[in-house]
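Chain residues, written in single-letter form:
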Amino acid sequence: MTASQTFTARRLAAAALSAAALVGAAALPAAADGSGPRDSRVEISRVQYDAPGHGSRSNRSLNEEWVQITNSGRDSVNLDDWTLSNRQGRVYTFRHLRLNGHSSVRVHTGFGRDTYRDVYQDRRNFVWDDREDTATLRNDHRRLVDTITWDARHHGNDGRRNGDDGRGHGADHGRGPGHGHR
């Protein structure tokens, strides 16, 4: 083998190794190198928009109205400054809450003591409309994370998620019957 052939063979081998490294890196999950999104999926998993009872504004009744946020991934997610809002623009801002992987937190409407499983909006009036409303979750950069819309007048439309057809989301996301007591 001549020096020129050896040089060419080395260049081809180096190019092949570089290509293999690129293909291998592309096959890794984005979180493996720390530069991509973490292994987490935060979503609105359930909504109890029709609090049981006759619509009294007692703290107990207000706290029976809630939205459940779930992190189905492995890694914890810092929810500090994330927001949960309804269609009318009422906004709850998360403060000092880290949602562990494979766990949920319920955001209750009334007053209570915040824990890692339950947080409270400290409101004296209901937030979620029984007939139709939209719950929107945004991250600390105001980017849309998840949204769920319900319309109790059209039962087939309960639980629409980001433009889907809504099939199967009503029961899976804890939707109430929509009695319209407010």
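Residues numbered from 1 in each chain as written. Predicted model: local features only at pLDDT ≥ 70, side-chain atom pairs only at ≥ 80, totals over all residues. Heavy atoms only, no water.

Novice: Which residues make up the overall build of the protein, and what values go with them?
Specialist: Within the protein, the regular secondary structure consists of 3 helices and 11 strands. Starting at the N terminus, the α and β elements of the protein follow one another as α-β-α-β-β-β-β-β-β-β-β-β-β-α. Per-residue burial for the protein yields a buried fraction of 38% across its 182 residues. Contacts in the protein between residues at least 24 apart in sequence constitute 53% of all its contacts with a sequence separation of at least 6. Per element, the accessible surface of the protein, about 10,800 Å² overall, is 49% carbon and sulfur. (Helix = DSSP H or I, 4+ residues; strand = E, 2+ residues; numbered from the N terminus. Buried < 20%, exposed > 50% of the residue type's maximum accessible area, 1.4 Å probe, protein only. Contact = heavy atoms within 4.5 Å. Areas by Shrake-Rupley, 256 points an atom, 1.4 Å probe, with all protein chains shown as cover.)

Novice: Please provide a residue-by-residue account of the pattern of salt bridges, values included.
Specialist: Applying the stated criterion across every chain, the model contains 4 salt bridges. Among the salt bridges present, the one from Asp81 reaches Arg95, with a minimum N-O distance of 2.3 Å. Of the two residues, Asp81 sits in the loop between β3 (77-78) and β4 (83-85) while Arg95 sits in the loop between β5 (91-93) and β6 (98-99), which places them 14 residues apart along the sequence. Taking the relative accessible area as the measure of exposure, Asp81 reaches 30% and is therefore partly exposed. Taking the relative accessible area as the measure of exposure, Arg95 reaches 48% and is therefore partly exposed. (Salt bridge = Lys/Arg side-chain N within 4 Å of Asp/Glu carboxyl O.)

Novice: Go over the packing of aromatic side chains, please, and point to the residues and values.
Specialist: Tallying each qualifying case throughout the model produces 3 aromatic pairs. Ring centres of Tyr49 and Trp150 lie 4.6 Å apart, and the angle between their planes is 5°; this geometry places the pair in the stacked category. Residue Tyr49 is found in the loop between β1 (42-48) and α2 (59-63), and its partner Trp150 is found in strand β10 (residues 144-151); the two are separated by 101 residues along the sequence. Trp150 carries the same exposure label as Tyr49, and that label is buried. Both rings, one in Tyr92 and one in Phe94, keep their centres 5.1 Å apart while their planes meet at 80°; by these two values the pair is edge-to-face. An identical accessibility class is assigned to Tyr92 and Phe94; each is buried. One aromatic cluster in this structure is built from Tyr49, Trp128 and Trp150. (Phe/Tyr/Trp six-rings, centres within 6.5 Å; stacked < 30°, edge-to-face > 60°.)

Novice: For the sheet that holds strand β2 (residues 66-71), give the residues involved together with the corresponding values.
Specialist: Strands pair in a sheet through their backbones, by hydrogen bonds, and they do so in one of two ways: parallel or antiparallel. Ordered in space as β1-β2-β7-β8, the 4 strands form an open sheet in which the pairing is mixed. The open sheet terminates on both sides in strands that have one partner only, identified here as β1 and β8 (118-120). On average, each strand axis in the sheet is tilted by 25° relative to the strand beside it, whichever way the strands run. Bridge count for β2 against strand β7 (residues 103-108) is 6 bridges, and the pairing is antiparallel. Each bridged residue has a counterpart across the sheet, and for Val67 the counterpart in β7 is Val107. (Pairing = 2+ DSSP bridges. Axes fitted to C-alpha atoms, helices over the stretch in contact; angles between N-to-C directions.)

Novice: Kindly report on the pairing of β2, identifying the contributing residues and their values.
Specialist: Burial analysis of β2 places 6 of its 6 residues in the buried class, the great majority of the element. Of the two faces of β2, the one carrying Trp66, Gln68 and Thr70 and the one carrying Val67, Ile69 and Asn71 are both buried. Here β1 runs beside β2; their pairing, made up of 6 bridges, is antiparallel. The residue of β2 that forms the bridge with Ile44 is Ile69.

Novice: Can you lay out the environment of Asp140 for me, pointing to particular residues and giving the numbers?
Specialist: For Asp140, the location among the structural elements is in the loop between β9 (132-138) and β10. Once you skip the residues sitting within four places of it in the chain, Asp140 turns out to touch Asp80, Asp81 and Trp82.

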